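Chain and residue survey
Residue strings, one per chain:
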Amino acid sequence: MSRVNFDTLLEAGCHFGHLKRKWNPAMAPYIFMERNGIHIIDLNKTVAKVDEAAEALKQIAKSGKKILFVATKKQAKQVVAEKAASVNMPYVIERWPGGMLTNFPTIRKAVKKMATIDKLTNDGTYSNLSKREVLQISRQRAKLEKNLGSIADLTRLPSALFVVDVLKENIAVREANRLGIPVFAIVDTNSDPSNIDFVIPANDDATKSVEVILDACCAAMAEGLEERKAEKVDMEAAGENAPKAAKKKATKARMDKAEEDAINASKAAAFMSKDEEEA
């Protein structure tokens, strides 16, 4: 069964593309028609592509890997932040820091710097500084929090990128392509889908449109995380039962050996008494 249906996408306005003069010819396979100078996206293809992307995202989440959400445009910021936080995934909604993927160790240093400032603030090291110095440090901390706070838990490169508007986030897409990181993206009629691994053709300018697609994808990821948790519990249970079974086996083996020794001893005693009688 599909994760989204045609009517839901239609109500959300996912079918509206850009003006005909702004189109990218590479998006032709996903365009249904043109009306009043605006391209209309084929929602049947959108439904199929959402299912395909959701299944792939579910498998990534199930394997315990991270998916980085990227959306710096005003319409999608808040929705992406909420949905990504609901499945405990990192996201970038303020500004894409250039080299965030290709120069990841440097970005990690900035995140560590934020943690260091917090640590020194809590243990009272900054209490000896002047007001001006403390103000400068707090401003620096606020700036780091704004740009990198949402990726503080990202200790290694993400396994996938989910992008809203590939035209605006072209630097993020190029970095992911260079590192071979798969890219999932909501692609409008003015964008080039050739660099995207999982294309979701839809309107990327409407908040409702972005929300409907993210709902389906995040629901699939939540399923993957639940399955991972269930598998972990099963493995732990199996791990607990294995030592018990081994212990039982060892006890049985000891008891069998003790019984065997006792039988052998009684046989030896009987044989000795027989010898004595004959003598």
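My aim in this report is to walk through the structure given alongside it, one point at a time. Per chain, residues are indexed from 1 in the order of the written sequence. Reporting of local features is limited, given that this is a predicted model, to residues whose pLDDT is at least 70; pairs of side-chain atoms are given and counted only at 80 or more, and all residues count toward the totals for whole chains, interfaces and linings. Processing note: side-chain calculations cover all non-hydrogen atoms of the structure and skip hydrogens and water entirely.

Moving on to the overall build of the protein chain. Helix numbering and strand numbering both begin at the N terminus, where a helix is a DSSP run of H or I of at least 4 residues and a strand a DSSP run of E of at least 2. Along its length, the protein chain carries seven helices and eight strands. Evaluated residue by residue, the protein chain yields a buried proportion of 38% over its 279 residues. Here, two residues are considered to be in contact whenever any of their heavy atoms come within 4.5 Å of each other. In the protein chain, the proportion of contacts linking residues at least 24 apart, taken out of those at least 6 apart, comes to 64%. To measure how exposed things are, a 1.4 Å probe is used in the Shrake-Rupley method; for residues, cover is taken only from the protein chains shown. Only carbon and sulfur atoms are counted for the fraction: they give 54% of the accessible area of the protein chain, which is about 16,400 Å². Burial here depends on accessible area, computed with a 1.4 Å probe over protein chains only, as a share of the maximum for the residue type. Under 20% is buried, over 50% is exposed, and the range in between is partly exposed.

In this fold, I137 is placed in helix α5 (residues 131-148). With 23 residues separating them in the primary sequence, I137 and M114 have C-alpha atoms 10.0 Å apart. Those residues in contact with I137, other than ones at most four positions away along the chain, are I117, Y126 and L129.

Attention now goes to helix α3 (residues 74-86). Listing the buried residues of α3 in full gives A76, V79, V80, A81, K83 and A84. Following α3 by one or two positions, N88 has its phi on the positive side, about 60°.

Orientation is described by lines fitted to C-alpha atoms, with helices fitted over the stretch in contact, and by angles between N-to-C directions that extend from 0 to 180 degrees. Here helix α4 (residues 104-122) crosses α5 at 135°, and the two axes come no closer than 10 Å. Considering the angle they form, α4 stands oblique to α5. With respect to the hand of their crossing, α4 and α5 are arranged in left-handed fashion. Touching I107, A110, V111, K113, M114, I117 and D118 of α4 are I137, Q140, R141, L144, E145 and L148, all from α5. Among the residues making up the contact of α4 with α5, the classes are represented as eight nonpolar, one polar and four charged. Here is the rule for angles: anything less than 35 degrees is roughly parallel, anything more than 145 is roughly antiparallel, 65 through 115 is roughly perpendicular, and the remaining ranges are oblique. By definition, turning the near helix anticlockwise from the far helix through less than a right angle yields a left-handed crossing, and turning it clockwise yields a right-handed one. All amino acids are sorted into three groups, where Ala, Val, Leu, Ile, Met, Phe, Trp, Tyr, Cys and Pro are nonpolar, Asp, Glu, Lys and Arg are charged, and the leftover types, Gly among them, are polar.

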